[in-house]
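Okay, here's what each chain looks like letter by letter:
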Amino acid sequence: QVQLVESGGGLVQPGGSLRLSCAASGTIFRLYSMGWYRQAPGKQRELVASITSAGTTNYADFVKGRFTISRDNNKNTVYLQMNNLKPEDTALYYCTRGTTYNGYYRASDWGQGTQVTVSS
């Protein structure tokens, strides 16, 4: 059974940076696509970024140019580097494992989430 454990969330001022990490266990990590979702209070969950097993990345328009997803298959870890954070980035961020088909990522397993709060 796969386990996904996020870390790195916290409180940051607007314009600041955070790096989220997600350690995966119980899976052959390198074979799967990975993704980050987020959910803000009162809003629907939304896909932020994904990365295929080959390293192809995809981003939501609202984070393009600010966030970078990457993976280290030797460490079974996926990262989300978040720069120039805005108050509207405040949300619970979830690490996911999934598959990518025809360029679309679908999550099948979820972590517990890590809170990111952007506020002055």
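Rules of the game
Residues numbered from 1 in each chain as written. Predicted model: local features only at pLDDT ≥ 70, side-chain atom pairs only at ≥ 80, totals over all residues. Heavy atoms only, no water. Helix = DSSP H or I, 4+ residues; strand = E, 2+ residues; numbered from the N terminus. Rg over C-alpha atoms; globule rule 2.2 N^0.38 Å. Buried < 20%, exposed > 50% of the residue type's maximum accessible area, 1.4 Å probe, protein only. Contact = heavy atoms within 4.5 Å. Areas by Shrake-Rupley, 256 points an atom, 1.4 Å probe, with all protein chains shown as cover. Lys, Arg positive; Asp, Glu negative; His and termini not counted. Charge placed at Lys NZ, Arg CZ, Asp CG, Glu CD. Core = buried A, V, L, I, M, F, W, Y, C linked by side-chain atoms within 4.5 Å. Pairing = 2+ DSSP bridges. Axes fitted to C-alpha atoms, helices over the stretch in contact; angles between N-to-C directions. Phe/Tyr/Trp six-rings, centres within 6.5 Å; stacked < 30°, edge-to-face > 60°. Lys NZ or Arg CZ within 6 Å of the ring centre and 35° of its normal.

Section: the overall build of the protein
Right, so step 1: Looking only at helices and strands, one finds 0 helices and 11 strands in the protein.
Right, so step 2: Along the protein, helices (α) and strands (β) appear in the sequence β-β-β-β-β-β-β-β-β-β-β when read from the amino end.
Right, so step 3: Expected size for 120 residues packed as a compact globule is a radius of gyration near 14 Å; at 13 Å, the protein falls within 12% of this value.
Right, so step 4: Projected onto the principal axes, the alpha-carbon positions of the protein cover approximately 40 × 25 × 25 Å.
Right, so step 5: Burial status across the protein gives 43% buried among its 120 residues.
Right, so step 6: Summarising the internal contacts of the protein: among those between residues at least 6 apart in sequence, 55% fall at separations of at least 24.
Right, so step 7: Of the roughly 6600 Å² that the protein leaves accessible, carbon and sulfur atoms contribute 44%.
Right, so step 8: Charge separation in the protein, taken as the distance between the mean sites of 12 positive and 7 negative side-chain charges, equals 4 Å.

Section: unusual backbone geometry
Right, so step 1: With a phi close to 50°, Asn84 is a non-glycine residue in the positive phi region.
Right, so step 2: With respect to the helices and strands, Asn84 occurs in the loop between strand S8 (77–82) and strand S9 (91–101).
Right, so step 3: Owing to a relative accessible area of 41%, Asn84 belongs among the partly exposed residues under this scheme.
Right, so step 4: Of note, Asn102 is a non-glycine position whose phi angle comes to about 50°, a positive value.
Right, so step 5: The residue Asn102 is located in the loop between S9 and strand S10 (104–110) in this model.
Right, so step 6: Residue classification places Asn102 among the exposed positions, given a relative accessible area of 63%.

Here's the deal with the nonpolar core
Right, so step 1: Core analysis: the biggest nonpolar cluster contains 28 residues, and Trp36, Val78, Leu80, Met82 and Tyr93 have the highest contact counts within it.
Right, so step 2: Of all the secondary structure elements, the ones that give two or more residues to this core are strand S3 (18–25), strand S4 (33–39), strand S5 (46–51), strand S7 (67–72), S8, S9 and strand S11 (114–118).
Right, so step 3: With 4 residues, the single largest contributor to this core is S3.

Some words on the sheet that holds S8
Right, so step 1: Taken in spatial order, the 4 strands make up an open sheet running S1-S3-S8-S7, and their pairing is antiparallel. The open sheet has two edge strands, strand S1 (3–7) and S7, and neither has a second partner. For this sheet, the mean angle separating the axes of adjacent strands, direction not counted, is 15°.

Re the packing of aromatic side chains
Right, so step 1: Scanning the entire structure with this criterion turns up 3 aromatic pairs.
Right, so step 2: Here Tyr37 and Tyr105 contribute two aromatic rings whose centre-to-centre distance is 6.4 Å and whose plane-to-plane angle is 40°, an arrangement assigned as tilted. In this pair, Tyr37 sits in strand S4 while Tyr105 sits in strand S10, placing the two residues 68 residues apart along the sequence.
Right, so step 3: Tyr105 gets classed as buried once you look at its relative accessible area, which sits at 9%.
Right, so step 4: Taking the centre distance of 4.7 Å and the plane angle of 45° together, the rings of Tyr37 and Trp110 count as tilted. Of this pair, Tyr37 sits in strand S4 while Trp110 sits in strand S10, placing them 73 residues apart in sequence.
Right, so step 5: Its relative accessible area of 33% is what places Trp110 among the partly exposed residues.
Right, so step 6: Seen from the ring of Tyr94, Arg45 lies directly overhead, with NZ or CZ sitting 4.4 Å from the centre.
Right, so step 7: Geometry around Tyr32 places Arg97 over its ring, the cationic atom sitting 4.0 Å from the centre.

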